[in-house]
Amino acid sequence: MAAANYLRSEDQFLCSICLDVFTDPVSTSCGHNFCKNCITEHWKTNAQYQCPMCNEVFNTRPKLRVNTFISEMVSQFRQSAQQEACSSSSSSSSKSSSSDQQESKPGEVPCDVCTGTKLKALKSCLVCLVSYCETHLEPHLTASGLKRHQLIDPVENLEARMCTKHDKPLELFCKTDQTCVCMLCTVSDHKMHDVVPLKEGYEGKKAELGKTEAEIQQMIQKRRLKIEEIKQSVGLSEEDADREKAEGVQVFTSLKESVERGLKELIDTIEEKQRTTEQQAEGFIKELEQEISELIKRRTEVEQLSRTEDHLHLLQSVQSLNIHPPPTKDWTEVSVSPSFEGTVRRAVNQLEEKLSKEMKKLFESELKRVQQYAVDVTLDPDTAHPKLILSDDGKEVSHGGVKMDIPDNPERFDICVDVLGKQSFSSGKFYFEVQVKGKTDWDLGVARESINRKGDITLSPEKGYWTVWLRNGNQYRALAGPPVRLSLKSRPQKVGVFVDYEEGLVSFYDVDAAALIYSFTGCCFTDKLLPYFCPGLSDGDKISPPLIISPVRVN
């Protein structure tokens, strides 16, 4: 009986390193016992051969031999614990039949001990690597040899929770390597690492996951808002498309009707002229036929008289008969030659006038639409060339002719007499108007924020400029690649500049004439855009009018 009580004292058979029942117990010369693998790994990771219990240092590594006595005692202890577990399991088998245990369902962890019908597991043991139902779990709750085992909520694949190197439970978390480790790992591969209990690592990771989840949720929300924004844009685009289609149908229907009406008028004119010609010709033919009839009659009379041989009769008849041809019309200058020359041209000219009127209406409507995107633009003095003079309100710029002593900052143009607007645009549509009245030279448009502002500058889309200029009072050009010469019907007094960032469009308008000057299409904008101005050089002593940013008034 005493032996049995002694066997039940599990504390006598625990390794002080792994805190579990000895496996291959060995003794050091100082008299302390350890698992053979535990003490071997311990000495591998320490500079000295030292006893973990009493800290005695050995000059040389001690030879380890299995302590047969302890080994046999551990074996008897394991057998006793197993018998006690089996006995406890048998005694409770009758109870299990009446207990309200549930059969394992798909997705639930089954008991590994049950034979036949598998009951639902209540706990899993990280030492035994077995999941137990309520009945088979009882030994772990009553037997002293099993009470020290670590129980967790039932899980599958328990082997994955054991260290593959040391065959110990993964109950620690190495923050350095971001991996789960066992107790022995902390004295070997992860000795100098930041290791925390599994629960602490779990809570830290759970907090990180919560933060990540919040970030992901925020990203999802932003994308949902973007979807709504895109849908709204599509809706607005549909409205614009419907309006444009309706206006296009109206304009082209009007043009088609004008063409058809012009063609009908042209055909009617030609046919009327042809009918007049035919009627005139018929009159001439009738008159000629009457004259021919009279001439034939006179010829017959003359012919008959000329055949008589009676001298007296011929002479007497000649006196009473006019032997001369009857009076007729002089047909020398009479002709029928209708002229259709210029008929089609005049009809086309009339159609062109009609088309010009329709185009003017169309551009007036277009200009009104783009004017709705008017923005307030002011000049940026930090970008202005030293010879430029800016008004206090930042709305006017002119060439002063004299270089001012101002700081040469990176934003300032130093060779070209240019200036940029303060406002930048990286999306959407915007429009502004500039008065150019009385000027013989000017440049207008938009430029990328990242353009080079030092030295000579080439105005072109490749260099980040979308501009139109005037030179010598009558030479207009769109500075594309290469420049495009523009033929304008009138000199613009006020120029409107419109940009659709997403569409890649930059258009210039003659505001007073409601006419399109030029459009850059298919542009690819990736940078912020700034309004661009150049008032031209001063003309000797003659004061050149300034460029004036004007308020937009929709007519």
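Everything numeric in this text was worked out from a predicted model, so none of it was measured.

### Description of the nonpolar core
Of all hydrophobic cores here, the largest spans 49 residues; its most connected members are W442, F520 and F533. The leading source of residues in this core is strand β22 (residues 529-534), at 5 residues. In this structure, F520 is in contact with P461, W466, T467, A478, L479, A480, G504, L505, V506 and F508, ignoring residues within four places of it in sequence. Within the second largest apolar cluster, 28 residues are counted, among which are I39, C51, V74 and C182.

### Quick notes on unusual backbone geometry
What you tend to see is this: most non-glycine residues have negative phi, and most peptide bonds are trans. The omega torsion of the bond from G481 to P482 falls at -5°, within 30 degrees of zero and hence cis. Note that P482 resides in the loop between β17 (475-478) and β18 (484-486). For D167, which is not glycine, the phi torsion reads 55° and is therefore positive. You can see D167 is positioned in the loop between β7 (151-152) and β8 (172-174). A residue is classified by how much of its surface remains accessible, and D167, at 53% relative accessible area, is exposed.

### Let's talk about the pattern of salt bridges
Applying the stated criterion to the full structure yields 20 salt bridges. The partner of K226 in a salt bridge is E229, with the nearest N and O atoms 3.3 Å apart. Placement of the pair is K226 and E229 together in helix α7 (residues 198-307), with a separation of 3 residues, close to one helical turn. In this structure, R471 engages D443 in a salt bridge whose closest nitrogen and oxygen atoms are separated by 2.9 Å. One end of the pair, R471, is in strand β16 (residues 465-471); the other, D443, is in strand β15 (residues 442-448), with 28 residues separating them in the sequence. Residue R471 is classed as partly exposed on the basis of its relative accessible area of 22%. Classification of D443 by relative accessible area gives buried; the value is 3%.

### Describing the confidence of the model for the protein
Model confidence for the protein is summarised by a mean pLDDT of 86, while 92% of its residues fall at 70 or above. Confidence drops under pLDDT 50 across residues 1-8; counting only partners more than four residues distant or on other chains, this segment forms 9 contacts. Note on residues 92-99: pLDDT is under 50 here. Beyond four places in sequence and across chains, it has 4 contacts.

### Observations regarding the environment of A281
Take A281: it is sitting in helix α7. In this structure, the C-alpha to C-alpha distance between A281 and T164, residues 117 residues apart in sequence, is 120 Å.

### Overview of the side chain of D380
Structurally, D380 is set in the loop between α9 (343-371) and β11 (388-390). K422 is the oppositely charged side chain nearest to the buried, salt-bridge-free D380, at an N-O distance of 5.7 Å. Among the polar contacts listed, one links the side chain of D380 to the backbone nitrogen of D382, at a separation of 3.1 Å. Filtering out sequence-adjacent residues up to four positions away, D380 remains in contact with L390, V419, L420, G421 and K422.

### What about helix α2 (residues 36-44)?
Those residues of α2 lying buried are C38, I39, T40, E41, H42 and W43. Summarising the contacts, the buried residues of α2 are in contact with β1 (25-27), β2 (33-35), β3 (49-50) and β4 (57-58).

### Topic: the packing of α7 against α9
Look at α7 against α9: their axes get within 10 Å of each other, and the N-to-C directions meet at 165°. With respect to each other, α7 and α9 are oriented roughly antiparallel. Crossing of α7 over α9 shows right-handed handedness. Among the residues making up the contact of α7 with α9, the classes are represented as 10 nonpolar, 6 polar and 9 charged.

### A short note on the packing of aromatic side chains
Scanning all chains against the criterion turns up 12 aromatic pairs. Centroid distance W43 to Y49: 5.9 Å. Interplanar angle 80°. Geometry classified as edge-to-face. Judged by its relative accessible area of 3%, W43 is buried. The interplanar angle of 45° and the centroid separation of 6.1 Å between the aromatic rings of Y373 and F498 together place this pair among those described as tilted.

Basis of the calculations
- Residues numbered from 1 in each chain as written.
- Predicted model: local features only at pLDDT ≥ 70, side-chain atom pairs only at ≥ 80, totals over all residues.
- Heavy atoms only, no water.
- Core = buried A, V, L, I, M, F, W, Y, C linked by side-chain atoms within 4.5 Å.
- Buried < 20%, exposed > 50% of the residue type's maximum accessible area, 1.4 Å probe, protein only.
- Helix = DSSP H or I, 4+ residues; strand = E, 2+ residues; numbered from the N terminus.
- Contact = heavy atoms within 4.5 Å.
- Salt bridge = Lys/Arg side-chain N within 4 Å of Asp/Glu carboxyl O.
- pLDDT = per-residue confidence, 0-100.
- Lys, Arg positive; Asp, Glu negative; His and termini not counted.
- Polar contact = N/O pair within 3.5 Å; in protein donor to acceptor, adjacent residues only side chain to side chain.
- Axes fitted to C-alpha atoms, helices over the stretch in contact; angles between N-to-C directions.
- Parallel < 35°, antiparallel > 145°, perpendicular 65-115°, else oblique.
- Left-handed = near helix turned anticlockwise from the far one by under 90°.
- Nonpolar A, V, L, I, M, F, W, Y, C, P; charged D, E, K, R; others polar.
- Phe/Tyr/Trp six-rings, centres within 6.5 Å; stacked < 30°, edge-to-face > 60°.

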